[in-house]
Amino acid sequence: MGCCGTKVDHAASAKYMVDFRREKAEPFQTLIMGIKDQNLTGKVYLSGPGASDEKLRESLGQALAKTGSGVRLSTSMDEYDAMWDVAWHNTKMTSGLQA
């Protein structure tokens, strides 16, 4: 999945997430949150059971909207975001890599 300050192998990360989620007896019992800022800053992700929870999405979206204008929710992922279920773009969140 990559760590703060590391280069991420997107294909390996996506494969890991898919395998991780499928190998579990109850595969979607883990909610994973990520911040991506290796190449473009401001993406916050969710993957797992809570990603489809409307109350969680709304609450998190409201909190992220306070970080700046133009924050938007996306459920259609590009090739680099395929391992995630939802993403918020244009936030002011960072893992520290771009700080």
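Residues numbered from 1 in each chain as written. Predicted model: local features only at pLDDT ≥ 70, side-chain atom pairs only at ≥ 80, totals over all residues. Heavy atoms only, no water.

Caption draft 1: Inspection of the sheet that holds strand β4 (residues 86-89) at higher detail. One open sheet holds the four strands; their spatial order is β1-β2-β4-β3, and the pairing between them is antiparallel. Each of the sheet's edge strands pairs with one partner strand only, and the pair in question is β1 (32-36) and β3 (72-74). Strand-to-strand, the axes of this sheet are offset by a mean angle of 20°, without reference to chain direction. When β3 meets β4, the two strands line up antiparallel, connected through three bridges. Bridging from a neighbouring strand, L73 pairs with W88 of β4. The sheet contacts of helix α2 (residues 54-65) involve β1, β2 (43-47), β3 and β4, and relative to β4 the element is tilted by about 20°. (Pairing = 2+ DSSP bridges. Helix = DSSP H or I, 4+ residues; strand = E, 2+ residues; numbered from the N terminus. Axes fitted to C-alpha atoms, helices over the stretch in contact; angles between N-to-C directions. Contact = heavy atoms within 4.5 Å.)

Caption draft 2: Spotlight on the pattern of salt bridges. Here the structure, examined in full by the defined rule, presents one salt bridge. Measuring nitrogen to oxygen at the nearest pair gives 3.9 Å for the salt bridge that ties R57 to E54. Of this pair, R57 and E54 both sit in helix α2, separated by three residues, roughly a single helical turn. (Salt bridge = Lys/Arg side-chain N within 4 Å of Asp/Glu carboxyl O.)

Caption draft 3: Fine view of the pairing of β2. With respect to burial, β2 is a largely interior element, five of its five residues being buried. Along β2, one buried face is formed by K43, Y45 and S47 and the opposite face, lined by V44 and L46, is buried too. Bridge count between β1 and β2: five bridges; the pairing is antiparallel. In the strand pairing of β2, K36 is matched with K43. Between the end of β1 and the start of β2, which pair antiparallel, lie six residues, with G42 showing a positive phi angle near 95°. (Buried < 20%, exposed > 50% of the residue type's maximum accessible area, 1.4 Å probe, protein only.)

Caption draft 4: The arrangement of the confidence of the model for the protein in detail. For the protein, the mean per-residue pLDDT works out to 76, and 73% of the residues sit at or above 70. The low-confidence segment residues 1-6, where pLDDT is below 50, has 10 contacts with residues more than four positions distant or belonging to other chains. (pLDDT = per-residue confidence, 0-100.)

Caption draft 5: Local environment of the nonpolar core. Among the nonpolar cores identified, the biggest contains seven residues, and these are V44, L46, A51, L60, L64, V86 and W88. Of all the secondary structure elements, the ones that give two or more residues to this core are β2, α2 and β4. Ignoring sequence-local partners within four residues, the contact set of L60 consists of M33, L46 and W88. Formed by five residues, the second largest nonpolar core is a distinct cluster that contains I32, Y45, W84 and A87. (Core = buried A, V, L, I, M, F, W, Y, C linked by side-chain atoms within 4.5 Å.)

Caption draft 6: Summary view of unusual backbone geometry. Notably, N90 is not glycine yet its phi reads approximately 70°, a positive angle. As for its placement among the helices and strands, N90 is situated in the segment after β4. Overall, N90 belongs to the partly exposed group, its relative accessible area being 40%.

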